[in-house]
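Here are the chains, one letter per residue:
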Amino acid sequence: VYLGADFSRTSRDSTDLTYSYIDSRAMIRAGLVQKPAYNDADFKKPEVPLNSQGRFYVGIQTGVTNLGTKLEGSRGAAGTLQADFANEGWSNGLFAGYGVYVGDWFLALEADVSKASGGWNHEHVPDERIFSVSRGYEYGLSGVIGRSFKGGTMLFGKAGVVAAEFNTD
């Protein structure tokens, strides 16, 4: 079993503000590795021996997310509107991957899915302008590269692509 922390910030700036958004997220990760990478006796050796045998891993993640948008458009006959809206909420998800050790290096391909409750709802006057944005499911695919150190610690980085579903009203 392992625990970890993660922070990500996804943003999209567009010349059309209806397609711009910022999603900042802090996550706490917990996972379970099916097979140990070392034995207790290995800690008595200078380095933790790692082999190139692949392994499958799964985990859960939870954290706080912030969904923010920018709004720009006409207001009335001669006015314009520019506004920023944002709100925080919880994001929960699952991740799974397959990784292989090459010496002290760990290489993996990881997929994840999460659902967030973050979004905002602006209601001015009943039966008038009501608009909102909420985030649905998010799917990601990432490559992971990490370096294992003596004692079983690992420093790793992750980069990939994300597809997110947004609902607007």
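Since this is a predicted model, take the numbers as computed values, not measurements.

Rules behind the numbers
- Residues numbered from 1 in each chain as written.
- Predicted model: local features only at pLDDT ≥ 70, side-chain atom pairs only at ≥ 80, totals over all residues.
- Heavy atoms only, no water.
- Salt bridge = Lys/Arg side-chain N within 4 Å of Asp/Glu carboxyl O.
- Buried < 20%, exposed > 50% of the residue type's maximum accessible area, 1.4 Å probe, protein only.
- Helix = DSSP H or I, 4+ residues; strand = E, 2+ residues; numbered from the N terminus.
- Phe/Tyr/Trp six-rings, centres within 6.5 Å; stacked < 30°, edge-to-face > 60°.
- Lys NZ or Arg CZ within 6 Å of the ring centre and 35° of its normal.

To continue, consider the pattern of salt bridges. Scanning the model with the defined rule gives seven salt bridges in all. The closest approach of N and O atoms between aspartate 23 and arginine 25, which form a salt bridge, is 2.6 Å. Here aspartate 23 and arginine 25 have matching classes, each one buried. Between lysine 158 and glutamate 110 there is a salt bridge whose closest N-O contact spans 2.8 Å. Pair noted here: lysine 158 is in strand β8 (residues 154–168) and glutamate 110 is in strand β5 (residues 105–116), with a separation of 48 residues, a long-range link. Looking at glutamate 110, the relative accessible area reads 3%, which means it is buried. A single network of salt bridges, built from pairs that share partners, joins Asp23, Arg25, Arg135 and Glu138.

Overall, the coordinates contain three aromatic pairs when judged by the stated rule. Ring geometry for tyrosine 101 and phenylalanine 106: centres 5.0 Å apart, planes at 55 degrees, overall tilted. Under the relative-accessibility criterion, phenylalanine 106 is labelled buried at 8%. When the centroid spacing of 6.4 Å and the interplanar angle of 20 degrees are considered together, the rings of tyrosine 137 and tyrosine 139 count as stacked. Each member of the aromatic cluster is reached from another via a ring pair, and the members are Tyr57, Tyr101 and Phe106. Over the face of the ring belonging to tyrosine 137 we find lysine 115, whose NZ or CZ atom lies 5.5 Å from the ring centre.

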